[in-house]
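# Commentary on secondary and tertiary structure
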Amino acid sequence: MRLKITHRTEYRYDAPVQYLLQRLRLLPASGSTQTVLSWALNIEGAREEVRFVDHFGNDTRLLSVEGERDFITVEAAGEVVTRDTAGVSGPHQGFAPLWLFGHETPLTTIGSGIRELAASIGKGTDIERLHRLMAVIGERVAYTPGTTNAATPAEEALALKTGVCQDHSHIFAATARALGFPARYVSGYLMMDTAVEQAASHAWVEAHVQGLGWVAFDAANGISPDERYVRVATGRDYRDATPVSGIRLGQAEEQLAVTVTVEQ
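This report concerns the structure included in the present document.

Here is what the cut-offs are and how they apply
Residues numbered from 1 in each chain as written. Predicted model: local features only at pLDDT ≥ 70, side-chain atom pairs only at ≥ 80, totals over all residues. Heavy atoms only, no water. Helix = DSSP H or I, 4+ residues; strand = E, 2+ residues; numbered from the N terminus. Rg over C-alpha atoms; globule rule 2.2 N^0.38 Å. Buried < 20%, exposed > 50% of the residue type's maximum accessible area, 1.4 Å probe, protein only. Contact = heavy atoms within 4.5 Å. Areas by Shrake-Rupley, 256 points an atom, 1.4 Å probe, with all protein chains shown as cover. Lys, Arg positive; Asp, Glu negative; His and termini not counted. Charge placed at Lys NZ, Arg CZ, Asp CG, Glu CD. Axes fitted to C-alpha atoms, helices over the stretch in contact; angles between N-to-C directions. Parallel < 35°, antiparallel > 145°, perpendicular 65-115°, else oblique. Left-handed = near helix turned anticlockwise from the far one by under 90°. Nonpolar A, V, L, I, M, F, W, Y, C, P; charged D, E, K, R; others polar. Salt bridge = Lys/Arg side-chain N within 4 Å of Asp/Glu carboxyl O. Phe/Tyr/Trp six-rings, centres within 6.5 Å; stacked < 30°, edge-to-face > 60°. Pairing = 2+ DSSP bridges.

Our focus in this paragraph is the overall build of the chain. When helices and strands are tallied, the chain shows 5 helices and 15 strands. For 264 residues, the compact-globule formula gives about 18 Å, and the C-alpha radius of gyration of the chain, at 18 Å, lands near that figure. For the C-alpha atoms alone, the extent of the chain along its principal axes is close to 60 × 40 × 40 Å. Within the span of the chain, comprising 264 residues, buried residues form 48% of the whole. Looking at the chain alone, contacts between residues at least 24 apart form 74% of all its contacts between residues at least 6 apart. As displayed, the chain offers around 12100 Å² of accessible surface, 51% of which is attributable to carbon and sulfur atoms. Averaging the positions of the 24 positive and the 32 negative side-chain charges in the chain gives two centres separated by 5 Å.

Interaxial distance between helix α1 (residues 112-120) and helix α4 (residues 165-178) falls to 9 Å at its minimum, and their mutual angle equals 65 degrees. By the angle between their directions, the pair α1 and α4 is classed as roughly perpendicular. Like other packed secondary-structure pairs, α1 and α4 cross with a definite hand, here right-handed. Side by side, α1 and α4 meet where Ile114, Leu117 and Ala118 of the first sit next to Ile171, Ala174, Thr175 and Ala178 of the second. A breakdown of the residues in the contact of α1 with α4 according to their chemical character gives 6 nonpolar, 1 polar and no charged.

When the charged atoms of two side chains with opposite charge come close together, those side chains can pair. Inspection of the entire model under this criterion finds 11 salt bridges. Put simply, Arg2 and Glu79 hold a salt bridge, and the shortest N to O gap is 2.6 Å. In this pair, Arg2 is assigned in strand β1 (residues 2-24) and Glu79 in strand β5 (residues 69-82), connecting sequence segments 77 residues apart. A network of salt bridges, in which partner residues are shared, links Arg8, Glu10, Arg12 and Glu75.

To continue, consider the packing of aromatic side chains. Tallied over the entire structure, the rule returns 6 aromatic pairs. A ring pair is formed by Phe172 and Phe217, whose centres lie 5.3 Å apart and whose planes are at 25 degrees; its orientation type is stacked. Of this pair, Phe172 sits in helix α4 while Phe217 sits in strand β12 (residues 213-217), and the two are 45 residues apart along the sequence. Looking at Phe172, the relative accessible area reads 1%, which means it is buried.

This paragraph deals with unusual backbone geometry. Positive phi, close to 60 degrees, is recorded for Ala86, a residue that is not glycine. Within the secondary structure, Ala86 is located in the loop between β5 and β6 (88-90). One non-glycine residue, Lys161, lies in the positive phi region at around 60 degrees.

What follows deals with the pairing of β12. By the criterion of burial, β12 is predominantly enclosed, with 5 of the 5 residues buried. Where β6 lies against β12, 2 bridges are found, and the strand directions are antiparallel. Across the sheet, Gly90 pairs through a bridge with Trp214, a residue of β12. Where strand β11 (residues 202-209) lies against β12, 5 bridges are found, and the strand directions are antiparallel. Looking at the pairing, Ala207 lines up with Val215 of β12. The hairpin turn running from β11 into β12, its antiparallel successor, is 3 residues long, and Gly211 in that turn takes a positive phi close to 90 degrees.

As summarised here, the arrangement of the 5 strands in space is β6-β12-β11-β9-β13, forming an open sheet in which the pairing is antiparallel. The open sheet has two free edges, formed respectively by β6 and β13 (229-235), since each of these has just one partner strand. Looking at each pair of strands side by side, their axes are set apart by 35 degrees on average, direction ignored. Here α4 sits on the sheet in contact with β9 (183-190), β11 and β12, set at roughly 15 degrees to β11.

Here we take up the environment of Ile171. Looking at the element boundaries, Ile171 is found in helix α4. For Ile171, a relative accessible area of 0% gives the class buried. Through-space distance from the C-alpha of Ile171 to that of Gly113 is 9.7 Å; in sequence the pair is 58 residues apart. Not counting residues up to four positions away in its chain, the partners in contact with Ile171 are Ile114, Leu117, Ile137, Val141, Ala154, Ala157 and Leu158.

Shown next, in the form of structure tokens:
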């Protein structure tokens, strides 16, 4: 499937600020599930400083903004051809060792709630257990925007029984690790059947299964990602794979507006 993607992030401030650094992980990379045909990045008032591949294998850019500003606009756009591989992206590669994805993080701490969820999955093949985990998370945690934020850990979202795709992914990653599977957080884009424009990018999880490699699970939608999904970045949790982050100098309040368009 050939997908056209535009990711626009607008920052507005109630007083001028000086941005020191802006880190972007908006660039899909060609791989077993997708081929990037074109990709362009534009930041109004900024200049590119460094482009590199980080230790998780993500194409990353560091940019700086010169002079005081009361708004900054980041826009990424391009086309990607995707393939349905039943969620399988293949063997582990990259600089980060596989064992690193078996360790918990502050956002994926394994507490009593995660342990109880892991114990409820029961027996079966690796794939059966992971699909069952995905289904149980979808049943227990309702998709409700605005009830959590980027700093909400998996245990808290599980106890609240509500959240968004980021929370579903953190809960899945933490529980998969409790079950003995290395797991990694994936940020990217999804072509939804009901809308072209979205309020944010999407997130899901890949678990490493012996004999298959990395296999993807989207607990928010209850499926293994297909050709509607575009991979952008991976890491142990959201903080490792966040699409846009930065450091600014100034006391102004920030208002953020994100628009993601994905169309065939």
